[in-house]
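Structural features, examined
Chain residues, written in single-letter form:
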Amino acid sequence: MLQNLKCNLKQYLAIALTVPICAMGVTLFTKAGWGTDPFTSFEIGLSYLFHTRLGYASLIFEGSMFFVFLLIRRSYVKFGTVAFCFGIGPCLNLSGSIIDFLFSGNMELLHKLFCFILGSVFIIFSLAFYTQFHQGYQTLDMLSMLVAELARKTYGFGLSVTYAVLALSAVLMGVSMGAGTVIAIICFGKLVNVVSPLLLPLVKYLQSGKKKL
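Reading guide: rules and limits
Residues numbered from 1 in each chain as written. Predicted model: local features only at pLDDT ≥ 70, side-chain atom pairs only at ≥ 80, totals over all residues. Heavy atoms only, no water. Helix = DSSP H or I, 4+ residues; strand = E, 2+ residues; numbered from the N terminus. Rg over C-alpha atoms; globule rule 2.2 N^0.38 Å. Buried < 20%, exposed > 50% of the residue type's maximum accessible area, 1.4 Å probe, protein only. Contact = heavy atoms within 4.5 Å. Lys, Arg positive; Asp, Glu negative; His and termini not counted. Charge placed at Lys NZ, Arg CZ, Asp CG, Glu CD. Phe/Tyr/Trp six-rings, centres within 6.5 Å; stacked < 30°, edge-to-face > 60°. Lys NZ or Arg CZ within 6 Å of the ring centre and 35° of its normal. Axes fitted to C-alpha atoms, helices over the stretch in contact; angles between N-to-C directions. Parallel < 35°, antiparallel > 145°, perpendicular 65-115°, else oblique. Left-handed = near helix turned anticlockwise from the far one by under 90°. Nonpolar A, V, L, I, M, F, W, Y, C, P; charged D, E, K, R; others polar.

1. Digging into the overall build of the chain
Within the chain, the regular secondary structure consists of eight helices and zero strands. Counting from the amino terminus, helix and strand elements in the chain follow one another as α-α-α-α-α-α-α-α. Over its C-alpha atoms the chain spans a radius of gyration of 17 Å, differing by no more than 12% from the 17 Å that the globule rule assigns to 213 residues. In terms of overall dimensions, the chain has a C-alpha envelope of 55 × 40 × 30 Å along the principal axes. Counting only residues that meet the buried cut, the chain has 45% of its 213 residues in that class. Pairs at least 24 apart in sequence give 74% of the contacts found in the chain among residues at least 6 apart. Each charge class in the chain can be summarised by its mean position, and for the 15 positive and 7 negative side chains these summaries are 16 Å apart.

Pasting the structure below:
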């Protein structure tokens, strides 16, 4: 029992540490100025549609999805859900302040490219890592996991489909898509499928505490 508690605590800590990494990735990706990720674009569209601030639109949508999945896929709602629900906002604020301080003023192309690539790496790593614990998911990943489950495909496939639907919905609500948004739709799901097996030994180690890396 004590061993199980230790393993769970290690998994929870790993997931909690993933939250600021994901937040930094989103901040860097957006800072490049080549569009936002499809999920953020969708929530911006909701703010346009309901004439409200992005924070309120995000809260309403993600809060609604929380209760929907609590009813239809309770297994998706665990520690990871809570960690992202309550942690991603403050982490985004903190990472935003850090990146604004580091990249103040007009950014050169090289700086934009750096932010875009590093942001993409952080996002892909965080999604490929924490989802393999199956200890609950954020709203985006609950939708992606549901698509993957229904289609009997990988999580990366579900992410690509979810991204495409969210981006299309955002465009219909008046949000402009940047090149970065298109790249995220086409590439992120496939790259998550590539990275996930590479991180699996670490995930298994944290789950059992016995397997060697």
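The rest of the description comes next.
2. Here we look at the packing of aromatic side chains
For any pair of aromatic rings, geometry is given as the distance between the ring centres together with the angle between the planes. A complete count under the given rule lists 15 aromatic pairs for this structure. Ring geometry for Phe 29 versus Phe 188: centroids 5.9 Å apart, planes at 70 degrees, classification edge-to-face. Of this pair, Phe 29 sits in helix H1 (residues 2-31) while Phe 188 is found in helix H8 (residues 179-208), placing the two residues 159 residues apart along the sequence. This pair shows no difference in class: Phe 29 is buried, exactly as Phe 188 is. Among the aromatic residues, those joined into a ring-pair cluster are Phe 29, Trp 34, Phe 116, Tyr 163 and Phe 188. Here Lys 10 stacks its cationic end above the ring of Tyr 205, 5.1 Å away from the centre of that ring. Residue placement shows Lys 153 over the ring face of Phe 157; its charged tip is 6.0 Å from the ring centre.

3. Quick word on the packing of helix H7 (residues 155-172) against H8
Two quantities define a packed helix pair, namely the angle between the helix axes and the distance between the axes. One can describe the packing of H7 onto H8 by two numbers: an axis separation of 7 Å at closest approach and a directional angle of 165 degrees. The angle between H7 and H8 falls in the class roughly antiparallel. The chirality of how H7 crosses H8 is right-handed. Listed contacts from H8 to Tyr 155, Gly 156, Phe 157, Leu 159, Ser 160, Tyr 163, Ala 164 and Ala 167 of H7 are Ala 184, Ile 185, Phe 188, Gly 189, Lys 190, Val 192 and Asn 193. Tallied by class, residues from the contact of H7 with H8 come to ten nonpolar, four polar and one charged.

4. Examining the environment of Ser 126
Classification of Ser 126 by relative accessible area gives buried; the value is 1%. In this structure, the C-alpha to C-alpha distance between Ser 126 and Ala 23, residues 103 residues apart in sequence, is 9.4 Å. Apart from residues no more than four positions distant in its own chain, Ser 126 is found in contact with Thr 18, Ile 21 and Cys 22.

5. Regarding the packing of helix H2 (residues 38-49) against H7
The N-to-C vectors of H2 and H7 enclose an angle of 30 degrees; their axes lie 8 Å apart at closest approach. In terms of their interaxial angle, H2 and H7 are classed as roughly parallel. Considering how the two elements wind past one another, H2 and H7 form a crossing that is left-handed. Contacts from Pro 38, Phe 39, Ser 41 and Phe 42 of H2 reach H7 at Tyr 163, Leu 166, Ala 167, Ser 169 and Ala 170.

That's the geometry; what it means functionally is another story.
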